[in-house]
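Fold and contact review
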Amino acid sequence: MKFPESWLRSFVDTKIPTRELARVLTMGGLDVESVEPVAPAFSGVVVGRVVDLVRHPDADRLTLCRVDVGDDALLSIVCGAPNVFPGMKVPVATLGARLPGMEIKQAKVRGVDSSGMLCSAKELGLSQDHSGLLVLPAEAQPGADVRRVLDLDDQLITLKLTPNRGDCLSLRGIAREVSVLTGASLTVPAVTPARAALEEKRKILLEDTAACPRYCGRILRGVNAKARTPDWMVRRLERCGLRSISAIVDITNFVMLELGHGTAVARF
């Protein structure tokens, strides 16, 4: 099972370093197979807002962007990404920034000065996707450190669980174990029960009450199937090895990872 350390610490923050946490888990019977950073080391990358853009005077596939990075003056940056548009928030490698395998310097691109670089996920070492710029959350503030905005100083922990530890196939289960092993307090988010607003009911027939003694469900109406999954949830799912599909599917997967309870959605 793979999960981000920050998610585990949201339930139980032991205050011990990552490597010590991995040792405690292993000695407690939860074999830690690997601990790896979410992102490679890079610096000098901040949130930028593309204010406006014009076509490069000497290249059809390039644009000259003016970018707000929280300073008094806007930066002029030449960009070749096809998905750049005014108003978008993107990672900006400022002058002097160090990315995996390169350092950003003042440059001329086809005779036009470029004071930085707008980055794709591949240029930051986050994935192999270089089809366009990495789009940052709309609420990100220009000038903010991208590592902080995307929580890139996190660690990914992979456990090699044995069949007898089904109780640790969830973040809350692992957190409960860490709490027992370290004496740290377990913090479980409070959940307020939602009162049923519909009178509709569906009959459920349990054919094997020994294997499934209890099955619960609720009818929901008016759900927007096209709603956008929050960025923080998408990041947590991706760091657990799951791809974001849709808000409804993502929420069910999130609950499964957090609580270890399988959920299903049926339309009728």
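Just above sits the structure.
Notes on the structure follow. If you're wondering where the values come from, they're calculated on a predicted model, not measured in any experiment.

1. Structural notes on the overall build of the protein
Looking only at helices and strands, the protein has 6 helices and 11 strands in total. Computed over C-alpha atoms, the radius of gyration of the protein comes to 23 Å, more than 25% over the 18 Å expected from 2.2 N^0.38 for 268 residues, which places it beyond the range of a compact globule. Taken across its 268 residues, the protein has 37% of its residues classed as buried. Accessible surface computed for the protein: about 16500 Å², of which carbon and sulfur atoms make up 52%. Within the protein, one finds 35 positive and 31 negative side-chain charges whose respective centroids are separated by 5 Å.

2. Examining the packing of helix α2 (residues 18-27) against helix α4 (residues 171-182)
Interaxial distance between α2 and α4 falls to 10 Å at its minimum, and their mutual angle equals 95°. Here α2 lies roughly perpendicular to α4, going by the angle between them. Across from Leu21, Val24 and Leu25 in α2, the residues of α4 making contact are Ile174, Val178, Leu181 and Thr182. Classifying every residue of the contact of α2 with α4 gives 6 nonpolar, 1 polar and no charged.

3. Some remarks on the sheet that holds strand β11 (residues 155-160)
Taken in spatial order, the 3 strands make up an open sheet running β1-β11-β2, and their pairing is antiparallel. With one partner strand each, in any of the chains shown, β1 (2-4) and β2 (31-37) form the two edges of the open sheet. Within this sheet the neighbouring strands show an average axis-to-axis angle of 25°, counted without direction. Sheet topology note: the β1/β11 ladder contains 3 bridges and is antiparallel. Of the residues in β11, the one forming a bridge with proline 4 is leucine 156. This element, α2, spans β2 and β11 of the sheet and lies at about 165° to β2.

4. Things to note about the pairing of strand β4 (residues 63-68)
In this sheet, β4 lies alongside strand β3 (residues 43-55) in antiparallel orientation, the contact comprising 6 bridges. Across the sheet, the residue bridging to arginine 55 is threonine 63, located in β4. Bridge analysis of β4 against strand β5 (residues 75-79) gives 5 bridges, and the strand direction is antiparallel. In the strand pairing of β5, threonine 63 is matched with cysteine 79. Here β4 folds back onto β5, and the loop between the two strands holds 6 residues, one of which, glycine 70, carries a positive phi near 90°.

5. Things to note about the packing of helix α5 (residues 231-239) against helix α6 (residues 247-259)
At their nearest, the axes of α5 and α6 sit 10 Å apart, and the two run at 55° to each other. It follows from the interaxial angle that α5 and α6 lie oblique. Here α5 and α6 pass one another in a crossing that is left-handed. Every residue of α6 that contacts α5 at Trp232, Met233, Arg236 and Leu237 is listed here: Asp250, Ile251, Asn253, Phe254 and Leu257.

6. Structural notes on the environment of glycine 80
For glycine 80, the position within the fold is in the loop between β5 and β6 (89-99). Glycine 80 sits 110 residues away from alanine 190 along the chain, and the two C-alpha atoms are 47 Å apart.

7. Quick notes on the packing of aromatic side chains
How two aromatic rings sit relative to each other is set out by the distance from centre to centre and by the angle between their planes. All told, the structure shown has 2 aromatic pairs when counted by the stated rule. Ring centres of tryptophan 232 and phenylalanine 254 lie 5.6 Å apart, and the angle between their planes is 85°; on these two criteria the pair is classed as edge-to-face. Taken as a pair, tryptophan 232 in helix α5 and phenylalanine 254 in helix α6 lie far apart in primary sequence, 22 residues in all. Judged by its relative accessible area of 43%, tryptophan 232 is partly exposed. With relative accessibility at 8%, the residue phenylalanine 254 sits in the buried group. Connected via pairs of aromatic rings, a cluster forms that spans Trp7, Trp232 and Phe254. For arginine 147, the ring lying beneath its charged end belongs to phenylalanine 42, and the centroid distance is 4.6 Å.

About the criteria used
- Residues numbered from 1 in each chain as written.
- Predicted model: local features only at pLDDT ≥ 70, side-chain atom pairs only at ≥ 80, totals over all residues.
- Heavy atoms only, no water.
- Helix = DSSP H or I, 4+ residues; strand = E, 2+ residues; numbered from the N terminus.
- Rg over C-alpha atoms; globule rule 2.2 N^0.38 Å.
- Buried < 20%, exposed > 50% of the residue type's maximum accessible area, 1.4 Å probe, protein only.
- Areas by Shrake-Rupley, 256 points an atom, 1.4 Å probe, with all protein chains shown as cover.
- Lys, Arg positive; Asp, Glu negative; His and termini not counted.
- Charge placed at Lys NZ, Arg CZ, Asp CG, Glu CD.
- Axes fitted to C-alpha atoms, helices over the stretch in contact; angles between N-to-C directions.
- Parallel < 35°, antiparallel > 145°, perpendicular 65-115°, else oblique.
- Contact = heavy atoms within 4.5 Å.
- Nonpolar A, V, L, I, M, F, W, Y, C, P; charged D, E, K, R; others polar.
- Pairing = 2+ DSSP bridges.
- Left-handed = near helix turned anticlockwise from the far one by under 90°.
- Phe/Tyr/Trp six-rings, centres within 6.5 Å; stacked < 30°, edge-to-face > 60°.
- Lys NZ or Arg CZ within 6 Å of the ring centre and 35° of its normal.

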